[in-house]
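Here's the letter readout for the chains.
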Amino acid sequence: MSTGTTEVMTGNEAAAAAVKLARVQVVAAYPITPQSPVVEQLSAWVESGELPAEFVTVESEHSALTVCITASTVGARVFTATSANGLAYMTEQVWWAAGARLPIVMCIANRAMAAPWNVLNDQQDSMSVRDAGWVQLYCRDNQEILDTTLQAYRIAERLNVPVMVCYDGFLLSHTVMPVSVPSVGDADAFLPKRPEPLQIVDVNDPRNIGPVVIADPRADASGQSCHGYMEIRALHQQALLAALEVVPEVDAEYAAVVGRGWGGLTWEYLLEDAELVLVAAGSLGTQATVAVETLRAQGVQAGVLGIRCYRPFPAAALRERLVGRKGVLVFDKALSYGYEGPICADLRAALSGEPDAPTVWGAVCGLGGRDVSPDHLVDAARRALADGHAGTRHRPTDWINLRLDG
Amino acid sequence: MGTRECGSPIAMSRPSVGEAGLTGDWRNSRPVMDAAKCLAAKSGKVTCQLCWAYCPDACITQGAGPAIDLTYCKGCGICAEECPAGAIAMVPEAEHGTCEIDAAAEVAR
Ligand code: SF4
Ligand code: SF4
């Protein structure tokens, strides 16, 4: 471990600092609030020569990710970033990047989806592409953004799957905090050069990359039996599930070199003896740590279990930490419209059938930047406890700080 | 036997004849070349070859005139559209009886 520097920086600047330390070779992006300062910083470094990379300006997010896909296919380490409608606009290529098994790293400065138009924070954007086959990591603060972005390259390149590093727009992207920046030597020791891509690009032995694959396996021209669509998808799923091991391993490797780790799949606060557990992803988890201190002062044994890795979903780790508790209250900053919060629904499924499973309550909060204070979380916890005492097992999602009726 | 031993977890193949499947069995119109009109055939030289250049399935072989491999021709009609001499006519397969593909190739697959 050698000394880096400590600087006061925004979440976007922390992401950019990590991308520079990762020695990316190609950056392509299209501006959208609140992500833009990440790539503005990177383009300034490319222009000044501080970052020896290609910065490709494009006319849309769809093209930004397409540039990353093509550059990653030929072996480059690449980066892009986006938010909300920008992510939605690139959705086709979000699926392509994952299905083609490209180790792309993309930062998402989480922002509400339009309509109505809104540039402020919630997590609806990245949650809406949770099924596309990327690893999704959610960060609590700017230090975690820097460290996670560096770790994301290692995870992506070990598994050949793309990784989204998600952090709350404005709350983190535009808020300054002291951030310790690892030395170049430490970053290089942690993150080796990108291994050879799965794609073979060789003029002397040319390939069709990403050709049509039909339903059933079929023999290629040499007689070799090749995957059908389902075989390729099953291997992709295996790689994503392997991330349940790789994400914590990489976090431990990072801690060994840099001296700082984040807990891998989940993190916790005052959880050991907690009867009521608040679950959240991103900076909302930090709010929850303040809320459980208040709850404890009021005599409620409360703790926090934070989701760092949302895809793959750490079902076994969550079961291990939550079975036997009395209640779990999940705060989602997104909604599967017509059902409930995505983390809440996934957690219910993970706990289903466990004999000693806690009651799971869902709450949605902070949509479109609506303020969420620790007091709001405490109030929600008290409502959940009251419902628990009343024996309520099912209730509608609790909308926190909603003012439809005053 | 399973497909795991093909060695690649992604969709990738070597460019080779038939790699995209037996595309000839999709065809409902067949390109029929008239040697009396084809610029290459008339001059006896490997000239023009626009049909070869435009065929999206690479099933035309260069020559004077070019030859079309009906095992893989999917009948899109692009060659007929691009031919500057109007030497290629798209004739409905129904007029030929059955769609002629290489039966041996079909059995092999
Ligand atoms: S019809 Fe289409 S596929 Fe067939 S030879 Fe012409 S261009 Fe090629
Ligand atoms: S495009 Fe027409 S004229 Fe030219 S080589 Fe082909 S068939 Fe002949």
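The structure under discussion appears in the preceding block.
Some points on the overall build of chain A
Item 1. Looking only at helices and strands, chain A features 13 helices and 18 strands.
Item 2. For chain A, the C-alpha radius of gyration of 22 Å lies close to 22 Å, the compact-globule estimate for 406 residues.
Item 3. Dimensions along the principal axes, computed over C-alpha positions, put chain A at roughly 70 × 50 × 45 Å.
Item 4. A burial count over chain A gives 56% of its 406 residues as buried.
Item 5. Across chain A, contacts joining residues at least 24 apart in sequence account for 79% of those joining residues at least 6 apart.

Structural notes on the sheet that holds strand E13 (residues 276-281) of chain A
Hydrogen bonds between backbone atoms are what pair the strands of a sheet, whose relative direction is either parallel or antiparallel.
Residues and elements named next belong to chain A.
Item 1. Taken in spatial order, the six strands make up an open sheet running E12-E14-E13-E16-E17-E18, and their pairing is mixed. With partners counted over all chains shown, the strands left at the sheet margins are strand E12 (266-269) and strand E18 (398-399), one partner each.
Item 2. Of the strand pairs in this sheet, E13 and strand E16 (residues 327-332) are connected by four bridges, and their pairing is parallel. Across the sheet, residue Val279 finds its bridge partner in E16, namely Val330.
Item 3. Helix-sheet contacts for helix H10 (residues 283-297) involve E12, E13, strand E14 (302-307) and E16, and the interaxial angle to E13 is about 160 degrees.
Item 4. Packing against the sheet, helix H11 (residues 315-322) makes contact with E12, E13, E14 and E16, and its axis sits at approximately 175 degrees to E14.

Looking at the packing of H10 of chain A against helix H13 (residues 374-389) of chain A
All names here are of chain A.
Item 1. Where H10 meets H13, the axes come as close as 8 Å, and the angle between the chain directions of the two elements is 65 degrees. Along this stretch, H10 crosses H13, giving a crossing that reads as right-handed. Taken together, the residues of H13 that come into contact with H10 (itself represented by Leu284, Gln287, Ala288, Val290, Ala291, Thr294 and Leu295) are Pro374, Leu377, Val378, Ala381 and Arg382.
Item 2. When grouped by side-chain class, the residues that make up the contact of H10 with H13 number nine nonpolar, two polar and one charged.

So, the site of ligand 2
All names here are of chain B.
Item 1. With respect to spatial proximity, the complete set of residues near ligand 2 consists of Met33, Cys38, Leu39, Cys48, Gln49, Leu50, Cys51, Pro66, Cys83, Pro84 and Ile88.
Item 2. Here ligand 2 occupies the largest cavity.
Item 3. Classifying every residue of the shell around ligand 2 gives ten nonpolar, one polar and no charged.

Here's the deal with the site of ligand 1
Item 1. Every one of the 13 residues lining ligand 1 counts as a neighbour, but Cys55, Cys73, Cys76, Gly77 and Cys79 of chain B are closest to it.
Item 2. For the shell around ligand 1, the residue count by class is ten nonpolar, two polar and one charged.

Basis of the calculations
Residues numbered from 1 in each chain as written. Chains lettered and ligands numbered in written order. Predicted model: local features only at pLDDT ≥ 70, side-chain atom pairs only at ≥ 80, totals over all residues. Heavy atoms only, no water. Helix = DSSP H or I, 4+ residues; strand = E, 2+ residues; numbered from the N terminus. Rg over C-alpha atoms; globule rule 2.2 N^0.38 Å. Buried < 20%, exposed > 50% of the residue type's maximum accessible area, 1.4 Å probe, protein only. Contact = heavy atoms within 4.5 Å. Pairing = 2+ DSSP bridges. Axes fitted to C-alpha atoms, helices over the stretch in contact; angles between N-to-C directions. Left-handed = near helix turned anticlockwise from the far one by under 90°. Nonpolar A, V, L, I, M, F, W, Y, C, P; charged D, E, K, R; others polar. Near = heavy atom within 4 Å. 1 Å grid on protein atoms, 1.4 Å probe; cavity = no way out; pocket = protein on both sides within 12 Å on 5 of 7 lines; lining within 4 Å. Sits in = over half its atoms within 2 Å of the grid points.

None of this, on its own, says anything about what the molecule does.
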